[in-house]
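# Understanding the architecture of this molecule
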Amino acid sequence: HRDVLERLYGWMHETQQQEALQAENYFAFRRAAANNHRDILERLYGWMHETQQQEALQADDYFAFRRAATNGHLDILEYLYGLMTEAQQQETLQAY
C-alpha cells in the first residue's frame, strides 16, 4: 500500500497533496489507524504541516486513537499517543 500511496502523492501538485491529506476530515489518516497500517500513518503524518498534524490527531473527536483502541492495535495507540501534547493526551482519554 505504501508504494502506491507514495507514487500517487508524488504525481500531485502541492495544492492537491494538501487537499488529499485533509480530504474528508483526514480520512486516510483515520483509516490507516483503524486498520493497523502504521507505515501509512507515519508517511501521512510526515507529509503534513504541523497544524495539519494536530488537526489529524484531533479529527472526529480523536477517531484514529479511539478506533485503534477499539480494534486492539496497541502499536498504533502508542504511536499516536506519543505524537500528542500532554493536553491532547488528557483530552483523548476523556473522549475515549
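Fair warning: this is a prediction, and the values are worked out from it, not measured in the lab. Residue positions are counted from 1 within each chain, in the order its sequence is given. pLDDT decides what is reported in this predicted model: residues at 70 or higher carry local features, side-chain atom pairs at 80 or more are listed and counted, and totals for whole chains, interfaces and linings draw on all residues regardless. For the side-chain quantities, the full set of heavy atoms in the structure was used; hydrogens and water were omitted.

### A few points about the side chain of Q88
Comment: elements are numbered from the N terminus, with helices defined as DSSP H or I runs of at least four residues and strands as E runs of at least two. Within the element layout of this structure, Q88 appears in helix α6 (residues 86-95). Using a relative accessible area of 4% as the deciding quantity, one classes Q88 as buried. In this analysis, two residues are considered to be in contact whenever any of their non-hydrogen atoms come within 4.5 Å of each other. Those residues in contact with Q88, other than ones at most four positions away along the chain, are Q54, L57, Q58 and Y62. Between buried and exposed lies partly exposed: a residue is buried under 20% and exposed over 50% of the maximum accessible area for its type, with that area taken using a 1.4 Å probe on protein chains only.

### A closer look at the side chain of Q53
Position of Q53 relative to the elements: it lies in helix α4 (residues 50-70). Its relative accessible area of 15% is what places Q53 among the buried residues. Each residue touching Q53, except ones within four places of it in the same chain, is listed here: Y45 and M48.

These values are about where atoms sit, not about what they do.
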